[in-house]
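Below, each chain spelled out in residue letters.
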Amino acid sequence: MSLREEVEVAFINHFGGEPDIVVCAPGRVNLIGEHTDYNGGFVMPMAIDRAMYIAVRYRRDDTVVLLSADFNHKARFNLKKFNYIKPHWCEYIKGVAHALQRRNLSLRGWDGAMLGNVPRGSGLSSSAALELAAAKAFSEVSNFPWDPVDMAVAGQEAENNWVGVNCGIMDQMISACGKAGHAYLLDCRSLKGEHVPLPDGVRVVILDTATRRGLVDSAYNERRSQCEDAAKFFGVELLRDVSPEAFFKRADELPECTRKRARHVITEDQRTLAAAEAMRSGDSKRLGQLMYESHVSLRDDFEVCNDALNTMVECAMAHPACLGARMTGAGFGGCAVALVREDAAADFEREVAAAYQQATQLEPAVYVCVATDGARRL
Ligand code: GLA
């Protein structure tokens, strides 16, 4: 059974009756451009074939009634009067409702059964998928036009201001704007993006290290403030506005830690633009090289890799079919991503998983993924 069918069955079993529609929004993997979004820089993620699905039935009142089929939990709230209660999956939906109401959109109630296959806590943006699927449900039920960029911003507002996680805009933007077969080169300051086709003959492989680290939030916020310090030193609001020339001219004046953080962000923007160029010209070898350079910079300068991520990337790089690999997402655990020759992708999956398991005694999840469309009604 497909996930769409499963969520419909879950709806029928729980609510007794057919859903009117099914919506979904994907998770993502970032090919390159890490820890650049909150610096106003460039990222190049793609939406993946792992998503949050919601089977929805319209209601005539102001109540939202939810079943999380993943947790087998129920929740409900009234759109006229709701507040934050405690950390819970339902707060993501309330946060989205709040962000939409702040845009003066008048929302109607619905019954929804939710089911997803984006692994949680692995750095593949299950929260953005949930936020954008909820936004899509509200837009269909309340009949307001779907503006993907504004909906991504609403999702980010829900996460920043309601749930209380200080993320950037990348995850919500790609969950809203993804396009099948393409990655998305996004300028995180202007929110203008370009769909860039994936080169022929290669596959994107996700390598989940099976490690998760707590305290990601505090380490993430610390990186953000180090970047802000560096921007202040150069007299700009965002590091995006410091050119490599301007940086290297005065880099010696910075304290070592700030210098390393800034060097990562400023060189990563350059690598991301170069990677898009490599993709446009179908140069997958160059794309792979840039991905590995990104990893080295995240490992040595930005310092967001744990041993598992480094081991996974080295296992991947040692495989003859691998063109490049790097950690992906916020870091400190979670997933790496590799660019792999299509004809050997199945061998790669099996052999790299075995090599990693032997090196770490951890059981990884390695799988080829496919670039998909963003949030949509099915
Ligand atoms: C997390 C955040 C994103 C981005 C990445 C790092 O995924 O949600 O906004 O900052 O980390 O690139």
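What counts and how
- Residues numbered from 1 in each chain as written.
- Predicted model: local features only at pLDDT ≥ 70, side-chain atom pairs only at ≥ 80, totals over all residues.
- Heavy atoms only, no water.
- Near = heavy atom within 4 Å.
- Polar contact = N/O pair within 3.5 Å; in protein donor to acceptor, adjacent residues only side chain to side chain.
- Nonpolar A, V, L, I, M, F, W, Y, C, P; charged D, E, K, R; others polar.
- Domains from an automatic or database assignment.
- Buried area = accessible area lost by both parts, 1.4 Å probe.
- Salt bridge = Lys/Arg side-chain N within 4 Å of Asp/Glu carboxyl O.
- Core = buried A, V, L, I, M, F, W, Y, C linked by side-chain atoms within 4.5 Å.
- Buried < 20%, exposed > 50% of the residue type's maximum accessible area, 1.4 Å probe, protein only.
- Helix = DSSP H or I, 4+ residues; strand = E, 2+ residues; numbered from the N terminus.
- Pairing = 2+ DSSP bridges.
- Axes fitted to C-alpha atoms, helices over the stretch in contact; angles between N-to-C directions.
- Contact = heavy atoms within 4.5 Å.
- Left-handed = near helix turned anticlockwise from the far one by under 90°.

Trainee: What is the right way to look at the site of the ligand in this model?
Mentor: For the ligand, the full set of nearby residues is R28, E34, H35, D37, Y38, C167, G168, M170, D171, Y220, G329 and A330. D171 places a side-chain nitrogen or oxygen 2.6 Å from an oxygen atom of the ligand. A per-class count over the shell around the ligand returns five nonpolar, three polar and four charged. Looking at which domains feed residues into the shell around the ligand, each of domain 1 (3-31 + 45-194) and domain 2 (202-369) supplies at least three.

Trainee: Could you clarify how one ought to interpret the domain arrangement of the protein chain in this entry?
Mentor: When the parts of a complex come together, some accessible area is lost, and that lost area is often taken as the interface size. The domain boundaries assigned to the protein chain delineate domain 1 (3-31 + 45-194) and domain 2 (202-369). Taking only C-alpha atoms into account, the centre of domain 1 sits 27 Å from that of domain 2. Across the domain 1 to domain 2 interface the summed buried area is about 1,900 Å²; carbon plus sulfur atoms make up 55%. Viewed at the interface, domain 2 and domain 1 are joined by three salt bridges. Across the pair R280 and E194 runs a salt bridge whose closest N-O atoms are separated by 3.0 Å. On the surface where domain 1 and domain 2 come into contact, there are eleven residue pairs in polar contact (both at pLDDT 80 or more). A per-class count over the side of domain 1 that touches domain 2 returns ten nonpolar, six polar and seven charged.

Trainee: Any chance you could explain the nonpolar core here in plain terms?
Mentor: The nonpolar side chains of a soluble globular protein tend to be buried with one another. Of all hydrophobic cores here, the largest spans 79 residues; its most connected members are F77, W110 and F138. The biggest single contributor to this core is helix 3 (residues 126-142), with nine residues. Split by domain, the residues of this core number at least three in each of domain 1 (3-31 + 45-194) and domain 2 (202-369). Judged by nonpolar contacts, the second largest core, of 42 residues, contains L309, C315, A338 and Y356.

Trainee: Would you mind going over the pattern of salt bridges with me for this structure?
Mentor: Think of it this way: side chains of opposite charge can pair up when their charged atoms draw near. Tallying each qualifying case throughout the model produces 29 salt bridges. In this structure, D61 and R59 form a salt bridge, with 2.9 Å as the shortest nitrogen-oxygen distance. Residue D61 is classed as partly exposed on the basis of its relative accessible area of 30%. Taking relative accessible area as the criterion, R59 reaches 24% and is therefore assigned partly exposed. Taken together, the shared-partner salt bridges in this structure form one network comprising R57, R59, D61 and D111.

Trainee: For this particular structure, what's the right way to read the sheet that holds strand 11 (residues 335-341)?
Mentor: Paired through backbone hydrogen bonds, the strands of a sheet run either parallel or antiparallel to each other. Pairing in this open sheet of four strands is antiparallel, and the strands run 10-11-9-12 from one edge to the other. Here the strands that pair on one side only, and so sit at the sheet edges, are strand 10 (322-327) and strand 12 (365-369). On average, adjacent strands in this sheet sit at an angle of 20° to one another, irrespective of strand direction. Where strand 9 (residues 202-208) lies against strand 11, seven bridges are found, and the strand directions are antiparallel. Each residue of the ladder has a partner; that of R203, found in strand 11, is V340. The strands touched by helix 9 (residues 284-300) within the sheet are strand 9, strand 10 and strand 11, with strand 10 carrying the most contacts at an inclination of about 30°. Helix 11 (residues 345-360) contacts strand 9, strand 10, strand 11 and strand 12 of the sheet and is inclined by roughly 165° relative to strand 12.

Trainee: How should I be thinking about the sheet that holds strand 6 (residues 110-116) in this particular structure?
Mentor: Here six strands make up an open sheet; going across it, the order is 5-4-6-3-1-13 and the pairing mixed. Of all strands in the sheet, those with a lone pairing partner are strand 5 (73-78) and strand 13 (376-377), marking the two edges. Where strand 1 (residues 21-30) and strand 13 come together, two bridges link them in antiparallel fashion. In the strand pairing of strand 13, V23 is matched with R377. Most of the contacts of helix 3 go to strand 1, to which it runs at about 150°, and overall it touches strand 1, strand 3 (45-58), strand 4 (63-68), strand 5, strand 6 and strand 13.

Trainee: Would you take a moment to explain the pairing of strand 1 for this structure?
Mentor: Taken residue by residue, a regular strand's side chains alternate between the two faces of the sheet. Along strand 1, ten of the ten residues are buried, which leaves the element largely enclosed by surrounding structure. As paired strands, strand 1 and strand 3 are joined by nine bridges and run antiparallel to one another. What sits directly across from V23, in strand 3, is I54.

Trainee: Any chance you could explain the packing of helix 4 (residues 148-163) against helix 5 (residues 170-177) here in plain terms?
Mentor: Geometry of a packed helix pair, given as the angle between the helix axes and the separation of the axes. Relative to each other, helix 4 and helix 5 sit at 145°, their axes nearing to 8 Å. Relative to helix 5, helix 4 is oriented so that their crossing is right-handed. Residues P148, V149, A152, G155, Q156 and E159 of helix 4 lie in contact with helix 5, whose contacting residues are Q172, M173, A176 and C177. Of the residues assigned to the contact of helix 4 with helix 5, the class counts are six nonpolar, three polar and one charged.

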